[in-house]
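# Descriptive analysis of the structure
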Number of protein chains: 2
Amino acid sequence: MGHDEAMPQLPALAVDIGGTKIAAGMVEPGGRMAAVARVPTPQGPQIDAETLWRTVAAFLERFAAGGPAFAGVGVGCGGPMSWPAGRVSPLNIPAWRDFPLRERLQELFPTVPVRLHNDAICMAAGEHWRGAGRGSDNVLGIVVSTGVGGGLILGGHLVDGASGNAGHIGHVVVDPHGPPCGCGGQGCLEAIARGPAVAEWAREHGWRTRGHEDVTARELADDAARGHPTARDALDRAGNALGVAIASATHLCDLEVVSVGGGLSQAGPLLFDPLEETFRRHVGMRFARRVRVVPAALGQEAGLLGAGALVLAGDRYWNGD
Amino acid sequence: MGHDEAMPQLPALAVDIGGTKIAAGMVEPGGRMAAVARVPTPQGPQIDAETLWRTVAAFLERFAAGGPAFAGVGVGCGGPMSWPAGRVSPLNIPAWRDFPLRERLQELFPTVPVRLHNDAICMAAGEHWRGAGRGSDNVLGIVVSTGVGGGLILGGHLVDGASGNAGHIGHVVVDPHGPPCGCGGQGCLEAIARGPAVAEWAREHGWRTRGHEDVTARELADDAARGHPTARDALDRAGNALGVAIASATHLCDLEVVSVGGGLSQAGPLLFDPLEETFRRHVGMRFARRVRVVPAALGQEAGLLGAGALVLAGDRYWNGD
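Residues numbered from 1 in each chain as written. Chains lettered and ligands numbered in written order. Predicted model: local features only at pLDDT ≥ 70, side-chain atom pairs only at ≥ 80, totals over all residues. Heavy atoms only, no water.

## Observations concerning the overall build of chain A
Stated formally: Helix numbers and strand numbers start at the N terminus; a helix is a DSSP run of H or I with at least 4 residues, a strand a run of E with at least 2. Both definitions apply: the radius of gyration is a C-alpha atom measure, and the globule rule equals 2.2 Å times residues to the power 0.38. Burial classification: accessible surface area is computed with a 1.4 Å probe over protein chains only, and a residue below 20% of its type maximum counts as buried, one above 50% as exposed, and the rest as partly exposed. When checking whether two residues touch, look at their non-hydrogen atoms; a contact exists if any pair is within 4.5 Å. Only the protein chains shown count as cover for residues, with accessible areas throughout obtained via the Shrake-Rupley method and a probe of 1.4 Å. Think of it this way: Lys and Arg go in the positive column, Asp and Glu in the negative one, and His and the chain ends go nowhere. We put the charge of a Lys on NZ, of an Arg on CZ, of an Asp on CG and of a Glu on CD.
When you go through chain A residue by residue, the secondary structure sums to 12 helices and 13 strands. A compact globule built from 321 residues should have a C-alpha radius of gyration of about 20 Å, and chain A, at 19 Å, falls within 12% of that. Each principal axis of the C-alpha distribution contributes one length, and for chain A these read about 55 × 50 × 35 Å. Looking at the 321 residues of chain A, the share that counts as buried comes to 60%. The long-range fraction of contacts in chain A, counting pairs at least 24 apart against all pairs at least 6 apart in sequence, stands at 63%. Carbon and sulfur atoms make up 51% of the accessible area of chain A, which totals about 12500 Å². Averaged over its 27 positive side-chain charges, chain A has a centre that lies 3 Å from the centre of its 33 negative ones.

So, in structure tokens, the structure goes:
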């Protein structure tokens, strides 16, 4: 921590590669985002691995050329991936399967370090570095979106686990007899609380969507806010599942702060109230009752800030090579 | 790790304070137990805090006087406790409530460091240092006994969390609608899998105990081994609950090895087979399927070895003052 913050430093080039868009930002050592740019992620059956890579490379070269010198490149990308090697197979980017993203970026920017991690882990690092978890040493950052991901900071340092996969709160079991999960397991948090599962449950119970799939979770939250009982029940169910998983994580890891972000968290109290109620029912131990469950503070820039932190605060957030 | 193992070292005086007995051992730097002694823990309504302390102090002074010089004192004690201050309120030692055990031991042995942790955490440290978790950097050690406790090693280091309580696997939720737990929560692993709960469930379902309470879990395992269907069902239920909790912990922490010890683990395959089956049903992610769930290797000496490791390998197992 000391040396990172004592020296005058260059900014980091931060990159966030998702299924719908690619974002780049210049993150200053203090955490300010000096510049941001975004392009849509090329999609469709005709997009192969190299086509997508050329888009990413051209976008980043252009962005970097217009900015100051930078200390390194920090990247968040959807998983799964091999870590720290950075060969990525993002669920929502079918063009890349075992694609050597970190290696390619290192070839593109040969004079500075390139560090890559799961996008949910970058968001958690961002929330710890400059968001809702700032100042606490034991933090779980959760992202509830198309999937449910997360990252774990213990003792002030990002935890990677055996293969860089620590923080996978989405696959904590919240109901052993619950629905099958895309991971092959059963009753995982993600199987119940990911946006599409929440919307699907509501539809099965009589709620009608009026838009296309991408916006259903937001529509659901809107309907719930207007008092639609099935929409409320669906958010209750997701909140309950989050409460159970957070109680388990709190007991196992002795956390101080749990931040919850991602699209579904925009539902606000409609999600957080049942979450809190269920969480309180399941945390009995005194140490666990002290934990604070709060909305993520950084919004959509959390991922970029966390990617920047892999470079700018590597002593806390980077254990790779 | 380097400096602890490079220098020639004195042994550690290791202490394990439980509800039924107090054990002391001289642990050599390589992990050999050079000497062990045990006395019963004074019990009953007439035992107050100071009476119990005098028994502990006299026993340890006598044990230490008969042995070599030692580098420090490592202590495991039942929780809850304040950590690292070491004020203890062990559930099964009613005479001590907020008792300043670490401070008293420091007064008794003023020239060496005294380090104290939860007994289940010491057992996990022991299994990591010289037992089933040796050589792996990401290990959860579980103890299934009167309670269900544990300790968590990530990145090769003991994790303490915000208040020294990390590793509380017993309060991971395995069934959100399950039985109430002594902690005040509901559906915790401990509420289902602790020895007395397993025996009670069996009794409620028609299994008859023939002995007194202390031996019911062992009798249950014996009856299960003879094919008693209710006894088998009771161990199945405990194994299933362990399997769910271990799947959750594995996903959250990206573990390599989970060791399971304590009295109930003596049931062997009658417990481990349903555990493994349920665990496999709930771990879908590829990284999680690699974890090995194994019986603890050290038996009843794990706690003493781990207490010794707080002193002898403090760079890995001691984050306190």
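## Some thoughts on the pattern of salt bridges
All names here are of chain A. In plain terms, the rule: Any Lys or Arg side-chain nitrogen found within 4 Å of a carboxyl oxygen on Asp or Glu counts as a salt bridge.
Tallied over the entire structure, the rule returns 12 salt bridges over all chains. Put simply, Glu28 and Arg32 hold a salt bridge, and the shortest N to O gap is 3.1 Å. For Glu28, a relative accessible area of 28% gives the class partly exposed.

## Observations concerning the packing of helix α7 (residues 216–225) of chain B against helix α8 (residues 229–253) of chain B
Residue and element names in this part refer to chain B. Convention followed: Note on method: axes are straight lines fitted to C-alpha atoms, helices fitted across the in-contact stretch only, with angles between N-to-C directions ranging 0 to 180 degrees. Put simply, a crossing is left-handed when the front helix is turned counterclockwise from the back one by less than a right angle, and right-handed when it is turned clockwise. Residue polarity is assigned by list, with Asp, Glu, Lys and Arg as charged and Ala, Val, Leu, Ile, Met, Phe, Trp, Tyr, Cys and Pro as nonpolar; anything else, Gly included, falls into the polar class.
At a minimum axis separation of 7 Å, α7 and α8 run at an interaxial angle of 115°. When the axes of α7 and α8 are compared, the crossing they make is left-handed. Residues Leu220, Ala221, Asp223, Ala224 and Ala225 of α7 form the contact with α8, whose own contacting residues are Ala231, Arg232, Ala234 and Leu235. Across the contact of α7 with α8, the residue classes tally to 7 nonpolar, no polar and 2 charged.

## A short note on the interface of chain B and chain A
Threshold: Take the accessible area each of two parts loses on contact, using a 1.4 Å probe, and add the two losses: that sum is the buried area. Identification of polar contacts relies on pairs of N or O atoms within 3.5 Å, with a donor-acceptor requirement for protein atoms, meaning one able to donate a hydrogen and the other able to accept it, and with residues adjacent in sequence counted only if both atoms are side-chain atoms.
Between chain B and chain A, the residue contacts involve 41 residues of the former and 41 residues of the latter. Counting the surface lost from both chain B and chain A, the interface buries some 3100 Å², and carbon and sulfur atoms represent 65% of this. Counting the surface chain B buries against chain A, the share from its top three residues, Leu252, Asp254 and His282 of chain B, is 20%. At the junction of chain B and chain A, the tally comes to 0 salt bridges. Counting the contacts that link chain B with chain A gives 17 residue pairs in polar contact (both at pLDDT 80 or more). Among the secondary structure elements, those contributing two or more residues to the side of chain B that touches chain A are β10 (148–154), α8 and α9 (269–282) of chain B. The residue inventory of the side of chain B that touches chain A, partitioned by class, reads 20 nonpolar, 15 polar and 6 charged.

## Describing the relation of the copies chain B and chain A
Definition in use: Superposition of the copies was done by least squares, using only C-alpha atoms of residues whose pLDDT is at least 70 in both.
For the pair chain B and chain A, the superposition axis carries a translation of 0.0 Å, the fit reaches an RMSD of 0.0 Å, and the rotation angle comes to 180°. Classification of the inter-copy transformation places it as that of a two-fold axis. Relative to the rotation axis, the closest C-alpha in chain B is found at Asp175 of chain B, a distance of 3.0 Å. A shared interface surface links the copies, since 100% of the contact residues of chain B are contact residues in chain A too.

## Some thoughts on the nonpolar core
What counts here: Here, nonpolar core means buried Ala, Val, Leu, Ile, Met, Phe, Trp, Tyr and Cys residues that are tied together by side-chain atoms lying within 4.5 Å of each other.
Ile142, Ile169 and Leu252 of chain A together with Ile142, Ile169 and Leu252 of chain B are the most contacted members of the largest nonpolar core, which has 114 residues in total. Here Ile142 of chain B is in contact with Val148, Gly149, Gly150, Ile169, Leu242, Ile246, Val258, Ser259, Val260 and Gly261 of chain B, once residues within four sequence places are set aside.

## Quick word on helix α6 (residues 195–204) of chain B
Residue and element names in this part refer to chain B. Those residues of α6 lying buried are Gly195, Ala197, Val198, Ala199, Trp201 and Ala202. Buried residues along α6 sit in contact with α5 (189–193), α7 and α8. One or two positions beyond α6, positive phi appears at Gly206, with a value near 105°.

## So, the pairing of strand β4 (residues 73–77) of chain A
Residues and elements named next belong to chain A. Convention followed: Strands pair, by our definition, only if DSSP identifies at least two bridges between them.
Of all 5 residues making up β4, 5 are buried, and the element is well covered by its neighbours. Covered by surrounding structure in β4 are Val73, Val75 and Cys77 together with Gly74 and Gly76, the residues of both alternating faces. Two strands pair when backbone bridges link them, and β4 and strand β8 (residues 114–118) are joined in this way by 5 bridges, in the parallel orientation. By the bridge assignment for β8, Val73 is matched with Val114.

Purely geometric stuff here, so don't read any function into it on its own.
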